[in-house]
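# Results of the structural survey
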Amino acid sequence: MISARASYAFASRALAARSALPAAGAAASSASAITSSRCMSTRPKKHLVTGEEGVHQTMKVSGSWKNKPLFRRQGDVRFKSGLEASKMLVAEAQRRDAHEAEYIDSVSSTMEVLSPLFDRNPRYAFVAKQLMEPERFVQFRVPWMDDAGVGRLSRGFRIQFSSSLGPYEGPLHFGRHVDAGLVKALGFDNVFSNGLTGYDVGSAVGGSDFNPFDKSESEVQRFCQSYMTEAAKYVGPDVDNPTMGMGVGENEMGYLFGQYNRIGGRSTSGGVPFMSKKDSDVPGHAVVYFAKEMLKDKNQSLMGKRCLILGSGKNARAVAEKLIEHGAVPLTFSDESGFVHEPSGIDEAKLRTISNIKTERGAMLGRYVMSSTTAKFNEPGDVFDIPCDLCFPCGPIKSVDAAAVTKLADNGCAGVIEGGHKNVTIEGRQALKARGVMYGPHIVTLTGANIGNAHGHDLSGDTLEEEVRRIYNDVKGAATEFNVRGDLFAGGTMVGFLRVANAMMAHGAV
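We now turn to the structure provided with this report.

## Focus: the pattern of salt bridges
When charged atoms on two side chains of opposite charge get close, those side chains can pair. Within this structure, the stated rule accounts for 35 salt bridges. Residues Lys215 and Asp214 are paired through a salt bridge, measuring 2.8 Å at the closest nitrogen-oxygen approach. The exposure class assigned to Lys215 is buried, which follows from its relative accessible area of 13%. Residues Asp385 and Lys407 are paired through a salt bridge, measuring 3.9 Å at the closest nitrogen-oxygen approach. Highlighted residues: Asp385 in the loop between strand E12 (376–377) and strand E13 (390–393) and Lys407 in helix H13 (residues 402–410), separated in sequence by 22 residues. The exposure class of Lys407 is partly exposed, given its relative accessible area of 31%.

Written as structure tokens, this is what we have:
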């Protein structure tokens, strides 16, 4: 029997193949490449825009799409160029969701990047309009009881943005900063992040405004059980696979899955694990492999590179572990209390000490200075004043703005590689580009979770590095083709959008 996931992937690709009119032999080859592990075929792929091999090929453009109105609210509204279409789409998002600033930022930066695609094929503008609206957005109350016996109430979310490529998949985020606008923005970004991997997965994001860092372990467990009691109605194998995110680590995933299993949910399908918390270091290791590929293009390596790490969660520590393995020198970790700075670098022993501290719920990094005679705490006054070669922000959203980029560049930083979600602001991205600093955007660098889920427990370090290299080369090639060489945000957005949009066009108006 073919699994439901494989059947879904087969149907999606078969429809896409018929719409592009490929040769019969190529269609048969594509169908046979689909497996329950969702791994990519090694055969050369057709061009995402033209459906032909090679870069500069004829465009299959229907002139009728440029004559159709993009909006029809107060008379027909048409566009004459891709840039005009992107501005119209942003204006529509502002009209409907002006109160969701994070979402507007995501739409604005994305549509600006996609405008060359709208020039090449106007139909993509109509697909983008459809893609701006999620397929389903669930908000629910999460009642739980604290250790004092007082009933508490939090707000839970799960947004299922797109299932064009396959079942939903995406992280859960817990924190006081999580609200509907942020979840919607992260879900929109995740469409392109999941799409560019080439795996048969859709996009979803969820979470709650519950802050796990100032709660006891028993309070976190009770909250997770209450959250999953409601969320279980919308997630499951072949439906929606939640993964770890901000404030959601191995313990939280364990509690969530335990409740899901308790109320009778299935734990696997087609050999693909559901809500697995094994190999939780994979996303952080993938971030470092992306940095390695970026440096390789400049004939450099990670050996000896001084690295600022912002954050101290599981992902940040996994980044530090892999950096040390490659001969780089992590200098800092940070949390809400401030940052610790080891001028001579953080080695494996010091990393173990920091990990032991941070695995205790609510523990702050300040405790580390008691175990180290060389560590500095909040010295200098700003972490961005520390000279470095690379910066890996793995902490709060919007932690790197234009002013921070200026300080980093002035102190010799050659690259900023995101290890967390939306760490760099829009102004920060513009400043990075203006100063010629390499930028690894989260939509590209955080694809490690997808790689891990696609390969299951059989994923090796070599396979992870190979998959990272494949994704990186796809993104770099798209950026080069559209005359934005080196812009991985633009390249990643285009690759992800094209894969999702082509599937949506094959499926029709759904």
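Still to come is the rest of the account.
## Observations regarding the side chain of Ser115
Within the secondary structure, Ser115 is located in helix H5 (residues 101–120). A residue is classified by how much of its surface remains accessible, and Ser115, at 10% relative accessible area, is buried. Within the local environment of Ser115, its side chain forms a polar contact with the backbone oxygen of Glu112, the two atoms lying 3.0 Å apart. Sequence-distant contacts of Ser115, that is, excluding residues within four places in its chain, are made with Gly82, Leu83 and Ser86.

## Details of the sheet that holds E13
In spatial order, the strands read E9-E8-E13-E14-E15; together these five strands make up an open sheet with parallel pairing. Of all strands in the sheet, those with a lone pairing partner are strand E9 (329–330) and strand E15 (438–440), marking the two edges. Note: E13 against strand E14 (residues 415–417), two bridges, orientation parallel. Bridging across to E14, Cys391 finds its partner in Val416.

## Brief notes about the nonpolar core
Of all hydrophobic cores here, the largest spans 120 residues; its most connected members are Met111, Phe118, Phe333, Phe392 and Phe497. Top element by residues in this core is helix H18 (residues 488–507). It accounts for 12 residues. In this structure Phe392 touches Val287, Ala291, Cys307, Leu308, Ile309, Leu310, Val319, Leu323 and Ile417, once residues within four positions along its chain are discounted. The next biggest cluster of nonpolar side chains, apart from the first, holds 21 residues, and it includes Phe174, Val220, Phe223 and Phe274.

## Comments concerning the environment of Gly486
With respect to the helices and strands, the residue Gly486 is situated in the loop between helix H17 (461–481) and H18. Relative accessible area serves as the criterion here: at 56%, Gly486 is assigned to the exposed category. Between the alpha carbons of Gly486 and Met294 there is a distance of 9.2 Å; along the sequence they are 192 residues apart.

## Looking at the packing of aromatic side chains
Between two aromatic rings, the relevant description is the distance of the centres plus the angle of the planes. For the coordinates displayed, the defined rule picks out 16 aromatic pairs. Note on Tyr124 and Phe497: the rings are 5.8 Å apart at their centroids and 70° apart in plane angle, and the pair reads as edge-to-face. Within this pair, whereas Tyr124 is found in helix H6 (residues 123–131), its partner Phe497 is found in helix H18, the two being separated by 373 residues in sequence. Each member of the pair, Tyr124 together with Phe497, is buried. A centroid spacing of 6.4 Å and a plane angle of 90° characterise the contact between Phe174 and Phe210, whose relative ring orientation is edge-to-face. With Phe174 in strand E3 (residues 168–174) and Phe210 in the loop between strand E4 (203–208) and helix H8 (217–231), the pair connects residues that are 36 residues apart, well separated along the chain. By way of ring pairs, the aromatic residues Phe140, Trp144, Phe174, Phe210, Phe223 and Tyr227 are connected into one cluster. Its guanidinium or amino end placed over the ring of Phe489, Arg429 lies 4.2 Å from that ring's centre, counting from NZ or CZ.

## A word on the pairing of E13
The alternating pattern of E13 places Leu390 and Phe392 and Cys391 and Pro393 on opposite faces, both of which are buried. Pairing analysis gives four bridges linking strand E8 (residues 306–310) to E13, with the strands arranged parallel. Paired with Ile309 across the bridge in E13 is Phe392. The handedness of the E13 to E14 crossover, carried by H13, is right-handed.

## Overview of the packing of helix H10 (residues 282–296) against H17
It is at 9 Å that the axes of H10 and H17 come closest, and there the two elements cross at 55°. When the axes of H10 and H17 are compared, the pair comes out oblique. Note on packing geometry: the crossing formed by H10 with H17 is right-handed. Along the contact surface, H10 presents Val282, His285, Ala286, Tyr289, Phe290, Lys292, Glu293, Met294 and Lys296, while H17 presents Gly461, Leu464, Glu465, Val468, Arg469, Ile471 and Tyr472. Among the residues making up the contact of H10 with H17, the classes are represented as nine nonpolar, two polar and five charged.

## Notes on the packing of H6 against H18
One way to put it is that H6 packs onto H18 with a least axis distance of 10 Å and a crossing angle of 90°. Relative to H18, the element H6 is oriented roughly perpendicular. Across from Arg123, Tyr124, Val127, Ala128, Gln130 and Leu131 in H6, the residues of H18 making contact are Phe497, Leu498, Val500, Ala501, Asn502, Met504 and Met505. Its residues assigned to classes, the contact of H6 with H18 shows 10 nonpolar, two polar and one charged.

## Comments concerning unusual backbone geometry
Excluding glycine, a negative phi dihedral is what most residues carry, and trans is how most peptide bonds are arranged. Omega for the bond connecting Glu379 with Pro380 falls within 30 degrees of zero, at -5°, which places this linkage in the cis form. For Pro380, the position within the fold is in the loop between E12 and E13. The phi torsion at Asp238 lies on the positive side, around 70°, for a residue other than glycine. One can find Asp238 in the loop between H8 and strand E5 (240–243). For Asp238, a relative accessible area of 19% translates into the label buried. You will see that Asn299, though not glycine, has its phi angle at about 60°, which is positive.

## Some details on the sheet that holds strand E1 (residues 136–145)
Two pairing modes exist for strands in a sheet, parallel and antiparallel, and in both the strands are linked by backbone hydrogen bonds. In spatial order, the strands read E1-E2-E4-E3-E5; together these five strands make up an open sheet with mixed pairing. Strand pairing shows two members of the sheet lacking a second neighbour, E1 and E5, which therefore form its edges. Strand-to-strand, the axes of this sheet are offset by a mean angle of 20°, without reference to chain direction. When E3 meets E4, the two strands line up parallel, connected through three bridges. By the bridge assignment for E4, Phe174 is matched with Ser208. Contacts from H8 reach E1, strand E2 (151–162), E3 and E4 within the one sheet, and its direction differs from that of E1 by about 145°.

Conventions adopted
- Residues numbered from 1 in each chain as written.
- Predicted model: local features only at pLDDT ≥ 70, side-chain atom pairs only at ≥ 80, totals over all residues.
- Heavy atoms only, no water.
- Salt bridge = Lys/Arg side-chain N within 4 Å of Asp/Glu carboxyl O.
- Buried < 20%, exposed > 50% of the residue type's maximum accessible area, 1.4 Å probe, protein only.
- Helix = DSSP H or I, 4+ residues; strand = E, 2+ residues; numbered from the N terminus.
- Polar contact = N/O pair within 3.5 Å; in protein donor to acceptor, adjacent residues only side chain to side chain.
- Contact = heavy atoms within 4.5 Å.
- Pairing = 2+ DSSP bridges.
- Core = buried A, V, L, I, M, F, W, Y, C linked by side-chain atoms within 4.5 Å.
- Phe/Tyr/Trp six-rings, centres within 6.5 Å; stacked < 30°, edge-to-face > 60°.
- Lys NZ or Arg CZ within 6 Å of the ring centre and 35° of its normal.
- Right-handed = clockwise from strand over helix to strand, strands pointing away.
- Axes fitted to C-alpha atoms, helices over the stretch in contact; angles between N-to-C directions.
- Parallel < 35°, antiparallel > 145°, perpendicular 65-115°, else oblique.
- Left-handed = near helix turned anticlockwise from the far one by under 90°.
- Nonpolar A, V, L, I, M, F, W, Y, C, P; charged D, E, K, R; others polar.

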